[in-house]
Amino acid sequence: MESLTRIKVRYAETDQMGVVHHSVYAVYLEAARVDFLERAGLPYPQVEARGVYFPVVELGLTFRAPARFGEEVLVRTRLAGLSRRDLTFRYRVERDGILLAEGFTRHLCQVGERAGRIPEDIYQTLSVLHLG
């Protein structure tokens, strides 16, 4: 499964050169990841209400072209890796078919205040998405 999340670039997200600041891309990836989980039937607020969290433990981004104020970017998100204790998402940020950035986030499962295994029902839902 791949989800598509559209994001309109806000003025506050740009730097002195008029392009989206590199730090903002982490926010875009988070919005896309939450959207991915929602579309997959795992609304993140409901997952967290169970005491299950997926904190980011690794983030990588490669920038190819700038995005600017007022443009709409498209974030393509897919689940690229899954184990009983962690998951990895891959992203492509595009504008009109032009690749702006690509990257990944890796997340460990946290149950309560400790690292733990992904609950079976969540793991099963994710495993279908990972294979699909």
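This text goes with the structure placed above it.
Residues numbered from 1 in each chain as written. Predicted model: local features only at pLDDT ≥ 70, side-chain atom pairs only at ≥ 80, totals over all residues. Heavy atoms only, no water.

> Before we move on, can you summarise helix 1 (residues 24-39) with the specific residues and values?
An ideal rise of 1.5 Å per residue puts 22 Å on 16 residues; helix 1 measures up with 23 Å between its terminal C-alpha atoms. Buried residues of helix 1: V24, Y25, Y28, L29, A32, R33, D35, F36 and L37, and no others. G41, located one to two residues past helix 1, shows a positive phi value of around 90 degrees. (Helix = DSSP H or I, 4+ residues; strand = E, 2+ residues; numbered from the N terminus. Expected span 1.5 Å × (residues − 1). Buried < 20%, exposed > 50% of the residue type's maximum accessible area, 1.4 Å probe, protein only.)

> Any details on the packing of aromatic side chains? Residues and values, ideally.
As enumerated under the stated definition, the model contains 5 aromatic pairs in all. Both rings, one in F36 and one in F89, keep their centres 5.4 Å apart while their planes meet at 80 degrees; by these two values the pair is edge-to-face. Highlighted residues: F36 in helix 1 and F89 in strand 5 (residues 86-95), separated in sequence by 53 residues. According to the relative accessible area criterion, F36 is buried, its value standing at 0%. Residue class for F89 comes out buried when judged on its relative accessible area of 1%. Linked through ring pairs, Y25, Y28 and F63 together constitute an aromatic cluster. (Phe/Tyr/Trp six-rings, centres within 6.5 Å; stacked < 30°, edge-to-face > 60°.)

> Account for the environment of G81, with residues named and values stated.
Tracing the backbone through its elements, the reader meets G81 in strand 4 (residues 72-82). Taking the relative accessible area as the measure of exposure, G81 reaches 17% and is therefore buried. As a C-alpha pair, G81 and S127 span 46 residues in sequence and 9.2 Å in three-dimensional space.

> Describe the pattern of salt bridges, and please don't skip the residues or the numbers.
The tally for this structure, following the rule as stated, stands at 13 salt bridges. A salt bridge links D35 to R39; its shortest N-O distance comes to 2.9 Å. Taken as a pair, D35 and R39 lie in helix 1 at a separation of 4 residues, close to a single helical turn. Under the relative-accessibility criterion, D35 is labelled buried at 18%. Using a relative accessible area of 52% as the deciding quantity, one classes R39 as exposed. (Salt bridge = Lys/Arg side-chain N within 4 Å of Asp/Glu carboxyl O.)

> Residue-level account of the nonpolar core, with values.
Of all hydrophobic cores here, the largest spans 33 residues; its most connected members are F54 and L126. Residue assignment for this core shows that the elements contributing at least two residues are helix 1, helix 2 (44-49), strand 4, strand 5, strand 6 (98-108) and helix 3 (120-131). A total of 7 residues in this core trace back to one element, the largest contributor, which is helix 1. (Core = buried A, V, L, I, M, F, W, Y, C linked by side-chain atoms within 4.5 Å.)

> How would you sum up unusual backbone geometry? Please name residues and give values.
Its identity is not glycine, yet D96 carries a phi of approximately 50 degrees, on the positive side. Mapping D96 onto the fold places it in the loop between strand 5 and strand 6. Taking the relative accessible area as the measure of exposure, D96 reaches 74% and is therefore exposed.

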